[in-house]
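Analysis of the macromolecular model
One-letter residues, chain by chain:
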Amino acid sequence: MGYALRIEDLHKSFKTDLLRRRIEILKGVSLTVTEGEIFGYLGPNGAGKTTTMKCLLGLIFPDRGRIEMRGRSHLNPDARDRIGFLPENPYFYDYLTAREFLRFYAQLHGLKKSGVETKISGLIRLVNLERSADLQLRKYSKGMLQRIGLAQALLNDPELVLMDEPLGGLDPLGRKEIRDIIVRLREEGKTVFLSSHILQDIEMVCDRVAVIADGRVISQGSLHELISRKTFFTEVTVSGLDRRELEAYGRCLTNPGGEIMVQIEGPERVDRLLERIKSSEARLHSLVPRTENLEEHFVGMIQAK
Amino acid sequence: MTIRAIAVNTFREAIRDRILYLLLFFAVTAMIFSRLLALLTVGDRVKIIVDVGMGSLALFGTLMAILMGTGLVYKEIDKKTIYTLLSKPIQRWQFLLGKFFGLILTLAIMMAAMSLIFLLLVLAHAGRPTWDMLAGLAFIFLELGLITAVALFFSCFSTPILSSIFTLSFYLIGHLSWGLETLIAKLRPGAGRAAVQIVYTLLPDLENFNFKTEIVHHLPIALPVMGSALLYGLLYTAFVLAAAILVFRRRDFL
Amino acid sequence: MKQKHVAVFLLLVSLAGLAGMKRLLDRLPRESVPGSSIIYIPSGRHLKTFSFGFSSLLADAVYLWAIQYFSDQRIRDRFDYLDHVFGIIAELDPAYIDPYMTGAIFAAYDARDLETGYQILDRGLENNPDQWIFPFQAGHYAQMLARDFTRARAYFARAMEIPGAPAFTRRLYANAFYELDDFRAALTHWLEIYKQAEAAGDDRVLQIASNHIYKNKAAIDKEALEAAVGEYRDRFGRLPAALSDLTKSGILEQEPRDLDGDAYSYNPETGEVTSKLWWKR
């Protein structure tokens, strides 16, 4: 299993027009993506996520650094044949229909005419645009454009799929659909590299993540590694026991229904309470271990910078 | 192949541009207006219809070339359609050439329409379209091709307005370089004169494609002249496209 | 980067190629009708409308072109539209002085068409009534090239009235009367000039004026004397022996003397009267 993507010490700065002041966007980005995984690239807006992606695609030429895709330079023409790209806020030739548009891009991939129509129909079905396939793209909603964007990214059956904010601007149903497609891509053996600033989605699909802030990757690794699975405390919601008794276990909160929620630190105490509940006529309503989530981790990291 | 696919797509996009039809309308109007001009002048009627007709064809064709050439690439960059396009396994030069040929195709259609109307107008005034006339029209088209390449070149790194101004300047310089020739004749030989001569040789001489005088006065156009002018036009176009390719290669798309 | 090398190569090759073609094209002769494009430019009025505010610049351009055009010996019929072209320049920029002058020069000397020259200069004066040079130049041409003193006189009269005209315009005007044999009028004008010079203390002009006054008086006297001689001959069948005979016979009351008080010379054989200064004919 090699690396699908390896970025080493990427630097990029821009001149702001005539003023000749250089703004450094990427100050040494390094990360590696293993084959077959879903990799999340997160960071606040302006951190350099899109710039990094554009470097990967040869839309921007970095000042310094190396980019390798499966061991070869990313500018190698073969490399781009194995990539699919879904940009943020995609916009396409609005007078074409979805089908015509996909046909055009299929030509750019040099796909053989014979299998193209089936392939296009398959993709349209995959992204759920069958009903609008022959509608002009100018009539597409943002979500629909995003989906056709995904379809064109998958035209050449790429090994590496790059997505810039793929879930932005979608309703919850749309987000779920895209998330499912992403997971499916992994099942097909593809590698997915997606950038986002919506953490819940990243949490749900990604295997590994890199956090970029202010032009640098400040943290990288699997979700397991990054987020301490340590249980901080457990929230147990009980009824039928006296509050004063429960206060011995931890902080108590009475909620409107009459049940009492206790924040208990330490698994031994949780066990003792459970025993107590079992041996009495009290009822256990819920038991929720509270761990750190990605958002807290992320915010903590950013604030630490 | 890739270039063809992009060319066809460019053509389909360009031919929908309403500006083209507006300019076409003006061109036709100008040609018909030449009839009126013919009444006001001290000269042969058919002459003025041919001259003004071909002149307006050239003028409006040039405007079309400039507006389309500067608009299309900029639009792709502005609307970001270029991101997905260039992320495909195509080379940037293929993109440029595809755009160029798509524009040429669009211009060809427009020119054919204008030429048809022009020739009908000539017929209607008891003139006779000659082979030389068709050759003159063909050379106008060659000039338009060169201008398109120049417009495309500028739009690789500049905004549409600036690109239009630069391209228009190219056109004006191209038709006024005889002035430089006169100047050279009056300079004393030396480094200064040599420098001006180099500049003069490299500056576009679009008058080489202008056969209006010969056509209007029924003078023969010598074959070596036509052949050389054709070669000149093709070489200059190649030069501009090569420059555009080089400029476009390393452009960052922010 | 192989691709870059290909593009640079193509760039250089096409550059060399186009330079070569350009040089070739410049050397190839092209049939042309020099100046043909101007044959049907409508009147300047229309041109001005289409010049979008750059009419004086356009006038400059047309003028520069015109100089080259009218100097081109190869174009045999180039003067057919001389007035037309300079009329256009005048329409575009009526206050542009040089073209009127140049156009008139072309007309007078190259085209040998004085009428056109006059026309151009008249137009110049019409558009610029404060420019004495136009009628002055016209008078000059009339006088020098056509010896048309009637016209010259009219032009000098016009020029004289314009402030700034040189003083000698007046003298040219006066002289024109002399050339037209209107000695009395000439004398009147020269006397005025004399008075002005006296008042101004201008000795040189004083001298000039007095010479002309002498000349004109002499001419008047000569006319009178020769007329008297003729009458004498009619009466007596022979020429008088001396001028004194004219007074003796009562034909003349008085023998006119020249300005210096000297007598005129008389040739009894031919009946001709001459004066000291021998300027006329």
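Residues numbered from 1 in each chain as written. Chains lettered and ligands numbered in written order. Predicted model: local features only at pLDDT ≥ 70, side-chain atom pairs only at ≥ 80, totals over all residues. Heavy atoms only, no water.

1. Topic: the overall build of chain A
Across its full length, chain A holds 11 helices and 14 strands. The C-alpha radius of gyration of chain A comes to 25 Å, more than 25% above the 19 Å expected for a compact globule of 305 residues. Burial statistics for chain A: of 305 residues in total, 49% are counted as buried. Expressed as a percentage of contacts within chain A between residues at least 6 apart in sequence, the contacts between residues at least 24 apart total 68%. (Helix = DSSP H or I, 4+ residues; strand = E, 2+ residues; numbered from the N terminus. Rg over C-alpha atoms; globule rule 2.2 N^0.38 Å. Buried < 20%, exposed > 50% of the residue type's maximum accessible area, 1.4 Å probe, protein only. Contact = heavy atoms within 4.5 Å.)

2. Here's the deal with the confidence of the model for chain A
The predicted model of chain A has a mean per-residue pLDDT of 84, with 95% of residues at 70 or higher. The secondary-structure element of chain A with the lowest mean pLDDT is helix α11 (residues 294-304) of chain A, recorded at 70, while strand β7 (residues 160-164) of chain A shows the highest, at 92. (pLDDT = per-residue confidence, 0-100.)

3. Observations regarding the arrangement of the chains
Sorting the 2 pairs of chains in contact by contact count puts chains B and C at the top. Chain A makes no contact with chain C; the smallest distance between any of their C-alpha atoms is 11 Å.

4. Let's talk about the sheet that holds strand β10 (residues 216-222) of chain A
Each strand in a sheet pairs with another by means of backbone hydrogen bonds, the pair being arranged parallel or else antiparallel. Residue and element names in this part refer to chain A. Taken together, 6 strands build an open sheet; the order of strands is β6-β7-β8-β3-β9-β10 and the sheet is mixed. Both edges of this open sheet fall to β6 (83-86) and β10, since each of them pairs with a single strand only. For this sheet, the mean inter-axis angle between neighbouring strands, taken without regard to orientation, is 15°. Sheet topology note: the β6/β7 ladder contains 4 bridges and is parallel. Among the inter-strand pairings, Gly84 is bridged to a residue of β7, identified as Val161. Lying on the sheet, helix α5 (residues 142-153) is in contact with β6 and β7; it crosses β6 at an angle near 170°. (Pairing = 2+ DSSP bridges. Axes fitted to C-alpha atoms, helices over the stretch in contact; angles between N-to-C directions.)

5. With respect to the interface of chain B and chain C
Across the boundary between the two partners, chain B contributes 40 residues, which contact 32 residues of chain C. Summed over both sides, the interface of chain B with chain C buries roughly 3,300 Å², with 69% coming from carbon and sulfur. Inspection of the region where chain B meets chain C yields 1 salt bridge. Residues Asp205 of chain B and Lys22 of chain C are paired through a salt bridge, measuring 3.7 Å at the closest nitrogen-oxygen approach. If one sorts the elements of the side of chain B that touches chain C by residue count, helix α10 (residues 223-249) of chain B sits on top with 15 residues. Within the side of chain B that touches chain C, the residues separate by chemical class into 24 nonpolar, 8 polar and 8 charged. (Buried area = accessible area lost by both parts, 1.4 Å probe. Salt bridge = Lys/Arg side-chain N within 4 Å of Asp/Glu carboxyl O. Nonpolar A, V, L, I, M, F, W, Y, C, P; charged D, E, K, R; others polar.)

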